[in-house]
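Read off the chains here:
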Amino acid sequence: QRNKSRKWKAHAIKITSKVQEWVKKGAVNCNHILLMLEAETAVLNGDKELAKQKYDAAITASARVGFIHDRALANERAGKYMLQSGDTYFAFHYLSVAIQLYSRWGATAKAEHLLSKHKILLNEDHTPVINKTTERRWSLLASKEKKCKY
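A quick note: this is a predicted structure, and the numbers were derived from the prediction, not measured.

(A) Main features of the overall build of the protein chain. Counting its regular elements, the protein chain contains 8 helices and 0 strands. Mapped from its N terminus to its C terminus, the protein chain presents α and β elements in the order α-α-α-α-α-α-α-α. Within the span of the protein chain, comprising 150 residues, buried residues form 35% of the whole. When the accessible surface of the protein chain is totalled, it reaches about 9,600 Å², and 55% of it is carbon and sulfur.

Following this line, the structure appears as structure tokens:
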């Protein structure tokens, strides 16, 4: 198990180095990928603050280049990490945004899957402001969910 873990970490370091080279050569459409890899590395190292910082930077960078699917993925990964860390407030935020972005991108099955998987978290009242802005979207997704037959 340890050797397998070490093997994957070494592979991740190799991939991260390759993406770093691309970014240094001016491939701006890869910067968000590098930031996401750095966030995942921070997660593996147990550095919650750095992970959050890198996820946020990846989200911003992917929005800047217009990659909605990568922005959704970065929000999803950040949300799952925050949930794992016990931070339900930020988990709610990131997962809510991920669902909205996946829906906008056309990946409704993915959005519905996340909504279904995290239904308990997403139904909690974290703040009235967040709930008011997302209430309409939830009802729309929930109505679609009722129509789906699994």
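(B) Here's a closer look at the environment of I13. Take I13: it is sitting in helix α1 (residues 2-24). In sequence terms I13 and E38 are 25 residues apart; their C-alpha atoms lie 9.6 Å from each other.

(C) The arrangement of the nonpolar core in detail. Counting residues in each nonpolar core, the largest one holds 30 residues, and the members touching the most others are A51, Y55, Y81, I99, Y102 and L122. Secondary-structure elements contributing two or more residues to this core are α2 (31-44), α3 (48-65), α4 (68-84), α5 (88-105), α6 (108-117) and α7 (119-123). Tallying contributions element by element places α5 first for this core, with 9 residues. Excluding its chain neighbours within four sequence positions, the residues that come into contact with Y55 are A39, E40, V43, A74, R77, A78 and Y81.

(D) The arrangement of the packing of aromatic side chains in detail. Inspection of every chain in the model, using the stated rule, returns 2 aromatic pairs. Seen from their ring centres, Y89 and F90 are 5.5 Å apart, and the 85° between their planes marks the pair as edge-to-face. Look at F90 and Y94: their rings are 6.3 Å apart centre to centre, the planes differ by 35°, and that puts the pair in the tilted class. In this pair, F90 and Y94 both sit in helix α5, 4 residues apart, roughly one turn of the helix.

(E) Representation of the pattern of salt bridges within the structure. As enumerated under the stated definition, the model contains 6 salt bridges in all. In this structure, R77 engages E40 in a salt bridge whose closest nitrogen and oxygen atoms are separated by 2.9 Å. Here R77 is found in helix α4, whereas its partner E40 is found in helix α2, with 37 residues between them in sequence. You can call R77 partly exposed: its relative accessible area is 31%. Salt-bridge contacts for E76 lead to K80; the nearest nitrogen and oxygen are separated by 3.0 Å. Here E76 pairs with K80, and both are found in helix α4, just 4 residues apart, close to one helical turn. One salt-bridge network, held together by shared partners, links E76, K80 and K110.

Here is what the cut-offs are and how they apply
Residues numbered from 1 in each chain as written. Predicted model: local features only at pLDDT ≥ 70, side-chain atom pairs only at ≥ 80, totals over all residues. Heavy atoms only, no water. Helix = DSSP H or I, 4+ residues; strand = E, 2+ residues; numbered from the N terminus. Buried < 20%, exposed > 50% of the residue type's maximum accessible area, 1.4 Å probe, protein only. Areas by Shrake-Rupley, 256 points an atom, 1.4 Å probe, with all protein chains shown as cover. Core = buried A, V, L, I, M, F, W, Y, C linked by side-chain atoms within 4.5 Å. Contact = heavy atoms within 4.5 Å. Phe/Tyr/Trp six-rings, centres within 6.5 Å; stacked < 30°, edge-to-face > 60°. Salt bridge = Lys/Arg side-chain N within 4 Å of Asp/Glu carboxyl O.

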